[in-house]
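Next come the chains, spelled out residue by residue.
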Amino acid sequence: MTRHFPLMAWRHMKIGFLFNHDCTHQVPHTAPIICELAAMGQDVTVITSTAAQEVHVRKTIAACAQRVTYARIDIGPLSRAINTVARAVVPFRRIANLRENIDLFAGFDALVVPETTSALLKSHFNLDVRLIYLPHGAGDRSIGFRDVTRFFDLVLLPGAKTRDRMLHKNLIRPGHHAVVGYPKFDTVDMTARPRFFDNDRPTVLYNPHFDPVLSSWWDMGIEVLEWFARQDDYNLIFAPHVMLFRRRLHTSVEHRRIRLRRRIPERLRNLSHIRIDTGSQNSVDMSYVLAADIYLGDASSQVYEWIARPRPCIFINSHHARWRDNPNYAHWNMGQVIEGVDELPHALAVACDRQRLFAARQQAAFDATFHTVPGETAAHRAAKEIVTFLCKDKPSAQ
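Below is a summary of the structure that appears in this document. (Residues numbered from 1 in each chain as written. Predicted model: local features only at pLDDT ≥ 70, side-chain atom pairs only at ≥ 80, totals over all residues. Heavy atoms only, no water.)

**Describing the overall build of the protein chain**
So, step 1. Per the secondary structure count, the protein chain includes 15 helices and 15 strands.
So, step 2. Here the C-alpha atoms of the protein chain give a radius of gyration of 21 Å, agreeing with the 21 Å that 2.2 N^0.38 yields for 398 residues.
So, step 3. Projected onto the principal axes, the alpha-carbon positions of the protein chain cover approximately 65 × 50 × 40 Å.
So, step 4. When burial is assessed residue by residue, the protein chain has 56% of its 398 residues classed as buried.
So, step 5. In the protein chain, of all internal contacts separated by at least 6 residues, the share reaching a separation of at least 24 is 66%.
So, step 6. When the accessible surface of the protein chain is summed, it comes to about 17500 Å², and 51% of that surface belongs to carbon and sulfur atoms.
So, step 7. Between the centroid of the 50 positive side chains of the protein chain and the centroid of its 40 negative side chains there is a distance of 3 Å. (Helix = DSSP H or I, 4+ residues; strand = E, 2+ residues; numbered from the N terminus. Rg over C-alpha atoms; globule rule 2.2 N^0.38 Å. Buried < 20%, exposed > 50% of the residue type's maximum accessible area, 1.4 Å probe, protein only. Contact = heavy atoms within 4.5 Å. Areas by Shrake-Rupley, 256 points an atom, 1.4 Å probe, with all protein chains shown as cover. Lys, Arg positive; Asp, Glu negative; His and termini not counted. Charge placed at Lys NZ, Arg CZ, Asp CG, Glu CD.)

Right, dumping it as structure tokens:
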């Protein structure tokens, strides 16, 4: 059903899109909404914490890049000094960016964010601004369903799966959430089939997460790479979550564990049938997702982007999780689950045949995870919900 709202009365709403992270992977989740709001006559400012983020945003919104304002936030010398030590344990720079730029944020009617650290603006820094949250991903990890979600004034969700789980946990409330779909898909040519190898072997995408407990990289990752190095039946794209190689020491907020990341041995680099990418643009724009034939992973939400075109999945249970009937591992029902690298050869050999068992599950999971409306983009739906909410929430503003 189409909503109607008084656009003309709201031409001077100031809406900020905040990108406050070390990497650029969160940008495509909210940036597509910017052009839609600009087309509605809204005053939009892009706020970034790194030059790379601004470049990525400008590329994503090329059609309207000249119609928005840009601002760069940073921290002071003392905070930078503290960050050199604290960043291994907490996202200190991101938190300091929020605290030290309160005056800038206070000038907006609303801030749109793709992460939950920004909730500190309300919970700890007492900022009176409408916070609008659209998660950067549609995965199942418990960290995506924490109490911090309650601090947001409006939560925009990709589909029924996430909405229902948040409602069950009382994280969202009527009138303050909406299912809009997945704006990142608006930016991707889903029919593309990039090629990264000069042969016709099946290509496996190994996409481990960075979490020190959930990720297979910590205990089995090198073994996975070594197995692929020894064989000549498959190509391998090793493209982990972009945060895995961003730092060496990782802390799991979710599971309270600290681990030192293993380095990739030189003998595994520069092999013709293995592509190692620890964080390029290809890792975040779905190039590898569209190019590969078999997904190999553990806890990354990227698997939900993978099943936009159902294909075989293999999950490595390196931490011996009791995953059955556990909503935090719902995605493991979409493929084979193995306990060690010794099971990988057989899992790969039967992956295509067993896909007949999993294809229907993958399609059902995709439909529950991502809301779609023929002829309308997720970004347009999100923009309408934002303006409608702000009109209703502050009816006397001019």
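Moving on from the model shown.
**Structural notes on the side chain of Ser118**
So, step 1. When you line up the elements, Ser118 lands in the loop between strand S4 (110-113) and helix H7 (120-123).
So, step 2. The class for Ser118 is buried, based on a relative accessible area of 1%.
So, step 3. Not counting residues up to four positions away in its chain, the partners in contact with Ser118 are Leu18, Leu98, Val113 and Leu131.

**With respect to unusual backbone geometry**
So, step 1. Its identity as a non-glycine residue notwithstanding, Asn170 has a phi of 60°, on the positive side.
So, step 2. Among the secondary structure elements, Asn170 is positioned in the loop between helix H8 (160-168) and strand S7 (177-179).
So, step 3. One non-glycine residue, Met286, lies in positive phi territory at about 75°.
So, step 4. Examined against the element boundaries, Met286 turns out to sit in the loop between strand S12 (274-276) and helix H11 (287-291).
So, step 5. Under the relative-accessibility criterion, Met286 is labelled buried at 2%.

**A short note on the state of the cysteines**
So, step 1. As enumerated under the stated definition, the model contains one disulfide in all.
So, step 2. Here Cys35 pairs with Cys64 through a disulfide, and the sulfurs are 2.1 Å apart. Between Cys35 and Cys64 the disulfide shows an S-S torsion of about -90°. By sign, it is left-handed. Within this pair, whereas Cys35 is found in helix H2 (residues 32-39), its partner Cys64 is found in the loop between helix H3 (51-60) and strand S3 (69-72), the two being separated by 29 residues in sequence. Each member of the pair, Cys35 as well as Cys64, carries the same accessibility label: buried. (Disulfide = S-S within 2.5 Å.)

**Thoughts on a nonpolar patch on the surface**
So, step 1. On the surface, Val89, Val90, Leu249, Ile258 and Leu260 cluster together into a nonpolar patch covering about 400 Å² of accessible area.
So, step 2. Take Ile258: it is sitting in strand S11 (residues 257-260). (Patch = residues over 30% accessible without salt bridge, like charges linked within 9 Å, V, L, I, M, F, W, Y side chains within 5 Å. Salt bridge = Lys/Arg side-chain N within 4 Å of Asp/Glu carboxyl O.)

**Quick look at H3**
So, step 1. Residues Gln53, Glu54, His56 and Val57 constitute the buried set of H3. All buried residues of H3 project into a common sector of 165° when viewed along the axis, lining one side. Those residues of H3 that are exposed and aimed more than 90 degrees away from the buried face are Val55 and Lys59.
So, step 2. Close packing links the buried residues of H3 with strand S1 (14-19), helix H1 (27-30), H2, strand S2 (43-48) and S3. (Arc of directions from axis to C-beta.)

**Digging into the environment of Arg93**
So, step 1. Tracing the backbone shows Arg93 in helix H5 (residues 92-100).
So, step 2. Between the C-alpha atoms of Arg93 and Ala291, which are 198 residues apart in sequence, the distance is 35 Å.
So, step 3. Not counting the four nearest positions on each side in its chain, Arg93 is found in contact with Ser49, Thr50, Asp74, Ile75 and Asn83.

**Some remarks on the sheet that holds strand S6 (residues 154-157)**
So, step 1. On the basis of which strands lie adjacent, the open sheet formed by seven strands has the order S3-S2-S1-S4-S5-S6-S7 and parallel pairing. Each having just a single partner strand, S3 and S7 make up the two edges of the open sheet. Each neighbouring strand pair of the sheet contributes to a mean axis angle of 20°, computed without reference to strand direction.
So, step 2. Of the pairings in the sheet, the one linking strand S5 (residues 130-133) to S6 comprises two bridges and is parallel in character. Looking at the pairing, Tyr133 lines up with Val155 of S6. (Pairing = 2+ DSSP bridges. Axes fitted to C-alpha atoms, helices over the stretch in contact; angles between N-to-C directions.)

**Things to note about the packing of helix H4 (residues 77-86) against H5**
So, step 1. Two numbers describe how H4 lies on H5: the axes approach to 9 Å, and their chain directions differ by 155°. Classified by the angle their axes make, H4 and H5 are roughly antiparallel. With respect to the hand of their crossing, H4 and H5 are arranged in right-handed fashion. Contact residues: H4 offers Ser79, Ile82, Asn83 and Ala86, while H5 offers Phe92, Arg93, Ala96, Arg99 and Glu100. (Parallel < 35°, antiparallel > 145°, perpendicular 65-115°, else oblique. Left-handed = near helix turned anticlockwise from the far one by under 90°.)

**Observations concerning the nonpolar core**
So, step 1. Of all hydrophobic cores here, the largest spans 35 residues; its most connected members are Phe17, Ile33, Ile34, Leu37, Ile61, Leu156 and Ile386.
So, step 2. Those elements that place two or more of their residues in this core are S1, H2, S2, S4, S6 and helix H15 (378-393).
So, step 3. Excluding residues within four positions of it along the chain, Ile61 makes contact with Ala31, Ile34, Cys35, Val68 and Tyr70.
So, step 4. Grouped together as the second largest cluster of nonpolar side chains are 30 residues, Ala138, Leu214, Tyr304 and Ala365 included. (Core = buried A, V, L, I, M, F, W, Y, C linked by side-chain atoms within 4.5 Å.)

**Description of the pattern of salt bridges**
Pairing is possible between side chains of opposite charge, provided their charged atoms come close.
So, step 1. Per the stated rule, a full pass over the model turns up 19 salt bridges.
So, step 2. In this structure, Arg94 engages Asp22 in a salt bridge whose closest nitrogen and oxygen atoms are separated by 3.3 Å. Highlighted residues: Arg94 in helix H5 and Asp22 in the loop between S1 and H1, separated in sequence by 72 residues.
So, step 3. One salt bridge connects Glu226 with Arg267, and the closest N-O pair in it is separated by 2.1 Å. Highlighted residues: Glu226 in helix H10 (residues 217-230) and Arg267 in the loop between S11 and S12, separated in sequence by 41 residues.
So, step 4. Through salt bridges that share partners, Asp22, Arg94 and Arg247 make up one connected network.

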